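Analysis of the macromolecular model
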Amino acid sequence: MRPSRRAPDELRAVSLERGVVKYAEGSCMVKFGDTHVLVTATLEERLPPWLKGQGRGWVTAEYGMLPRATLERTRREASAGKQNGRTVEIQRLIGRSLRATVDLEALGERQITVDCDVIQADGGTRTASITGAWVALADCISWMKTRNMIKTNPLRDNVAAISCGIYGGTPVLDLDYAEDSEADTDANFVMTGDGRIIEVQGTAEKTPFSQDEFLALMALARKGVARLVDLQKMAVA
């Protein structure tokens, strides 16, 4: 039995609320159960120096956790003078995931920065961030379209992400912290709306996992991502 009493293939309660920040070109409050992330998308008429003059844009991401997003207060990274390795890894993952389905040439010589701020963490902050980031990005692009800033839609597909793991010997979907901290194996899957894989991160925390177990996790992830994509489509409809 899972601590949450969910079925092995059951997601936590998911919500995607758009337009939650007045000044951002796109925004989304994403909730995966008790994991809550505020995502904003900011359009800027500038590019990294190495991209100037190439006729294409850029999508990048930043990620952070508020001090009391967790059970005990976490020191702000700004006060330490640098980001930790986990933060850098996650924000690079978010950026890669979004760029995988964006036509950067159609975006023009502009940059969209997606900020993911974790308000409350209960496992799966990176997967929630990616799923909500796509909604904020879609809103930003809609904002551009209404102002005739782009001729074609740069978004080629949806992007969503979900965690899976082996808990108590059973493959399960969408781990919360109670499961994640005790799982034998945990993995994160980032996929497109049509089921193609962008990235897989899988780790044996206690016991190595077999190919059959990996395929079971993959099957769960496909089911979970398909549901998340449906929710994204409803959110931006």
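The structure this text deals with has already been given above.
Residues numbered from 1 in each chain as written. Predicted model: local features only at pLDDT ≥ 70, side-chain atom pairs only at ≥ 80, totals over all residues. Heavy atoms only, no water.

**A few points about the sheet that holds strand β5 (residues 111-120)**
The strands making up a sheet are joined through hydrogen bonds of the backbone, oriented either antiparallel or parallel. Heads up, the rule is: Strands pair, by our definition, only if DSSP identifies at least two bridges between them. A run of H or I in DSSP counts as a helix once it spans at least four residues, and a run of E counts as a strand once it spans at least two, with each numbered from the N terminus. Structural elements are reduced to axes, namely lines fitted to C-alpha atoms, with helices fitted over the stretch in contact, and the angle between N-to-C directions of any two is expressed from 0 to 180 degrees.
Strands sit in the order β1-β2-β3-β5-β4 across an open sheet of five strands; the sheet is mixed. Edge positions in the sheet fall to β1 (14-18) and β4 (58-65), since each of these pairs with one other strand and no more. Pairs of neighbouring strands in the sheet enclose a mean axial angle of 15 degrees, with direction left out of account. In this structure, β1 lies alongside strand β2 (residues 26-32), joined through five bridges in antiparallel fashion.

**Digging into the sheet that holds strand β6 (residues 159-167)**
Let me state the cut-off plainly: Any two residues having at least one pair of non-hydrogen atoms within 4.5 Å are treated as being in contact.
Across the sheet, which stays open at both edges, the four strands sit in the order β7-β6-β8-β9 with antiparallel pairing between neighbours. Two strands close off the open sheet at either side, each with one partner strand: β7 (170-173) and β9 (197-204). Averaged over all adjacent pairs, the angle separating strand axes in this sheet is 15 degrees, with direction ignored. Looking at chain direction, strand β8 (residues 185-192) and β9 are connected through seven bridges and run antiparallel. By the bridge assignment, F189 is partnered in β9 with V200. Across the sheet, helix α4 (residues 125-146) is in contact with β6, β8 and β9; its angle to β6 comes to roughly 160 degrees. Against the sheet, helix α6 (residues 211-236) engages β6, β7, β8 and β9, with an angle of about 145 degrees to β6.

**Some words on α4**
Condition: Multiplying one less than the number of residues by 1.5 Å gives the expected span of a helix. Here the term buried applies to any residue with accessible area under 20% of the maximum for its type, exposed to any over 50%, and partly exposed to those in between, with areas from a 1.4 Å probe on protein chains only.
Relative to the 32 Å expected for 22 residues at 1.5 Å per residue, α4 spans 31 Å between its end C-alpha atoms, a close match to the ideal helical length. Most of α4 is tucked away: 18 of the 22 residues are buried. Immediately downstream of α4, the backbone of N148 shows phi near 55 degrees, a positive value.

**A look at the side chain of Q111**
Selection rule: Here a polar contact is recorded for every N or O atom pair within 3.5 Å, except that within protein the pair must consist of a potential hydrogen donor and a potential acceptor, and residues adjacent in sequence are included only if both atoms are side-chain atoms.
Within the element layout of this structure, Q111 appears in strand β5. Here the side chain of Q111 touches T113 through a polar contact of 3.3 Å, side chain to side chain. Dropping the residues within four chain positions of it, Q111 is found in contact with T42, L43, E44, R46, L47, P48, W58 and T60.

**Observations concerning the packing of helix α2 (residues 85-99) against α4**
Selection criterion: When describing relative orientation, an angle under 35 degrees is termed roughly parallel and one over 145 degrees roughly antiparallel, while 65 to 115 degrees is termed roughly perpendicular and anything else oblique. Put simply, a crossing is left-handed when the front helix is turned counterclockwise from the back one by less than a right angle, and right-handed when it is turned clockwise. Charged residues are taken to be Asp, Glu, Lys and Arg, nonpolar residues to be Ala, Val, Leu, Ile, Met, Phe, Trp, Tyr, Cys and Pro, and polar residues to be all remaining types, Gly included.
In contact at an axis separation of 10 Å, α2 and α4 are set at 40 degrees when each is read in the N-to-C sense. Here α2 is positioned oblique relative to α4, judged by the angle of their axes. Here α2 runs over α4; the crossing is right-handed. Two secondary-structure elements touch here, α2 through R86, E89, I90, L93, I94, S97 and L98 and α4 through T125, R126, S129, I130, A133, W134 and L137. Residues of the contact of α2 with α4, tallied by class, amount to eight nonpolar, three polar and three charged.

**A word on the pairing of strand β3 (residues 35-44)**
If a strand is regular, its side chains alternate between the two faces of the sheet. Judged by how many residues are buried, β3 sits mostly within the fold: seven of ten residues are covered. Counted along the chain from β2 to the antiparallel partner β3, the turn is two residues long, and its residue G33 has a positive phi close to 60 degrees. Pairing analysis gives nine bridges linking β3 to β5, with the strands arranged antiparallel. Residue H36 lies in a different strand from β5, and its bridge partner there is Q120.

**Considering the packing of aromatic side chains**
Stated precisely, the cut-off is as follows: Two rings from Phe, Tyr or Trp (for Trp, the six-membered ring) form a pair when their centres sit within 6.5 Å of each other. Planes less than 30 degrees apart are called stacked, planes more than 60 degrees apart edge-to-face, and all others tilted.
In the structure shown here, the tally under the stated rule is two aromatic pairs. Measuring from ring centre to ring centre gives 5.0 Å for W50 and W58, while their planes differ by 80 degrees; the resulting arrangement is edge-to-face. When the centroid spacing of 6.2 Å and the interplanar angle of 35 degrees are considered together, the rings of F189 and F214 count as tilted. Separated by 25 residues along the polypeptide, F189 in strand β8 and F214 in helix α6 bring together distant segments of the chain. With relative accessibility at 0%, the residue F189 sits in the buried group.

**Digging into the side chain of T40**
Tracing the backbone through its elements, the reader meets T40 in strand β3. Classification of T40 by relative accessible area gives buried; the value is 14%. Not counting chain neighbours up to four residues away, the residues in contact with T40 comprise V21, A24, G26, S27, T113, V114, D115 and A136.

**Side note on the pattern of salt bridges**
Counted only if it meets this: Each salt bridge in this description consists of a side-chain nitrogen of Lys or Arg and a carboxyl oxygen of Asp or Glu lying within 4 Å of one another.
Considering all chains together, one arrives at 14 salt bridges under this definition. The closest approach of N and O atoms between R12 and D174, which form a salt bridge, is 2.9 Å. Remark: D174 occurs in the loop between β7 and α5 (177-180) and R12 occurs in the segment before β1; sequence separation between them is 162 residues. A single burial state applies to R12 and to D174, both of which are buried. Three or more residues joined by partner-sharing salt bridges are found here, namely R2, R6, R12, D174, D176 and E179.

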